[in-house]
Amino acid sequence: MRTVGVIAMFSTSLLAASVGAGADVSTITLDSGNRRVVLIELFTSEGCSSCPPADRWLSGLEGEPGLWSEFVPIGFHVDYWDYIGWEDRFARREYSDRQRRYAQEGGSRSVYTPGMFADGKEWLGWRRGGPSASDSPPAGKLEIRVQGDEVSAAFDADEHDGAALVLHLALVGMSLETEVRAGENRGRTLEHDFVALGVTSTPLEWVDGTFEANASLPTSDFVVRDRALVAWVSTNGSQAPLQATGGFLPRY
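Rules behind the numbers
- Residues numbered from 1 in each chain as written.
- Predicted model: local features only at pLDDT ≥ 70, side-chain atom pairs only at ≥ 80, totals over all residues.
- Heavy atoms only, no water.
- Buried < 20%, exposed > 50% of the residue type's maximum accessible area, 1.4 Å probe, protein only.
- Helix = DSSP H or I, 4+ residues; strand = E, 2+ residues; numbered from the N terminus.
- Pairing = 2+ DSSP bridges.
- Core = buried A, V, L, I, M, F, W, Y, C linked by side-chain atoms within 4.5 Å.
- Expected span 1.5 Å × (residues − 1).
- Arc of directions from axis to C-beta.
- Contact = heavy atoms within 4.5 Å.
- Salt bridge = Lys/Arg side-chain N within 4 Å of Asp/Glu carboxyl O.
- Polar contact = N/O pair within 3.5 Å; in protein donor to acceptor, adjacent residues only side chain to side chain.
- Lys, Arg positive; Asp, Glu negative; His and termini not counted.

Tell me what's going on with the pairing of strand E13 (residues 176-179), and back it up with residues and numbers.
One face of the sheet, then the other: side chains in a regular strand alternate in exactly this way. By the alternation rule, side chains of E13 split into Leu176 and Thr178, which are all buried, and Glu177 and Glu179, of which none is buried. Examined bridge by bridge, E13 and strand E14 (residues 189-192) share four bridges and lie antiparallel to one another. Within E14, the position partnered with Thr178 by the bridge is Leu190.

Next up, the structure:
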């Protein structure tokens, strides 16, 4: 573990259905259900020699039966190790800032890689086995509909104290490889899954008893054949997820 200075479980049903006659775009529906789904967040770096085991652990979740229905994984590549010899092509400053903000909000004791989070809190138990069900109370159902590049969201909150809510969408890439030519992992070929390639945030609006939002799929500079969409809701001003869902997108 290296020190400087997102686990979560989702209940999701994935439906790909054709829209009206003559339409050439399918609609994908991602539904968390009413049970709290765990958002699993890994903060990692290709420049960190301690990170490959955590990357492999995250990749292994693709074969777990609870994927999308009980937990949703995402890997955020941070940029604060780029200076030691290898610039991680997936790293973004905003991902580093997200991890730092978790520390500021009390979700972790420090900023380090590999850093694993569940339900917005530091999770050290990932080394001892797979993800477990969330112990947080139910939060309500999050439903995401994707048609082409357009996304619509509806969140039926079980309870609401009047705080503003925000929808976060992340495009994640699967089956990615990097031949590292410098730094601590020099000479290694690193394999990644559930890599955050782009993240957007959109305010949710209260409409007839439901929080709703319309947005577009996040864009990415990477052309990736195997992709998924990860979505979660948080309170404005806090990073901790209230509910989440996700699922694979059609291949290019």
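Structure shown, so let's carry the discussion forward.
Describe the nonpolar core, naming the residues involved and giving the relevant values.
Counting 38 residues, the largest nonpolar core has Ile40, Trp57, Ile74, Met116, Val230 and Trp232 as its most contacted members. Among the secondary structure elements, those contributing two or more residues to this core are strand E5 (38-44), helix H1 (52-60), strand E6 (71-77), helix H2 (93-105), strand E8 (115-118), strand E12 (165-173) and strand E18 (227-235). Formed by 21 residues, the second largest nonpolar core is a distinct cluster that contains Leu204, Ala215, Ala231 and Leu249.

With reference to specific residues and values, describe H2.
Compared with the 18 Å implied by 1.5 Å per residue over 13 residues, the 18 Å span of H2 between its first and last C-alpha is a close match. Along H2, the positions that sit buried rather than exposed are Tyr95, Ser96, Arg98, Gln99 and Tyr102. Along the axis of H2, the buried positions cluster into a sector of 155°, meaning they face one direction only. Residues of H2 that are exposed and angled more than 90 degrees away from the buried face: Arg93 and Gln104.

Explain H1 to me, and be specific about the residues and the numbers.
Buried within H1 we find Pro52, Ala54, Asp55, Trp57, Leu58 and Ser59. On its buried face, H1 sits against E5, E6, E8 and E14.

How would you summarise the pattern of salt bridges if you had to cite specific residues and measurements?
Summed over the entire model, instances satisfying the criterion amount to eight salt bridges. Between Glu143 and Arg145 there is a salt bridge, with the nearest N and O atoms lying 3.2 Å from each other. Among the residues examined, Arg145 registers a relative accessible area of 39% and is labelled partly exposed. Arg251 is the salt-bridge partner of Asp226, the closest N and O atoms lying 2.5 Å from each other. Of this pair, Asp226 sits in the loop between strand E17 (210-216) and E18 while Arg251 sits in the segment after strand E19 (241-248), and the two are 25 residues apart along the sequence.

Give me the lowdown on the environment of Asp226, citing residues and values where you can.
Among the residues examined, Asp226 registers a relative accessible area of 22% and is labelled partly exposed. Along the backbone, Asp226 and Arg251 are 25 residues apart, and their C-alpha atoms lie at a distance of 5.7 Å. Excluding residues that lie within four positions of it along the chain, Asp226 makes contacts with Val172, Gly173, Met174, Ser175 and Arg251. In terms of polar contacts, Asp226 uses its side chain to reach the side chain of Arg251, at 2.5 Å.

Talk me through the side chain of Asp193; I want residue IDs and the actual numbers.
The topology assignment puts Asp193 in the loop between E14 and strand E15 (195-203). Buried and without a salt bridge, Asp193 has Arg251 as its closest oppositely charged side chain, separated by 10 Å. A polar contact is formed between the side chain of Asp193 and the side chain of Ser59, at a distance of 2.7 Å. Residue contacts for Asp193: discarding those within four places in its chain leaves Leu58, Ser59, Glu62, Gly173, Met174 and Ser175.

None of the figures reported here should be taken as evidence of function without further support.
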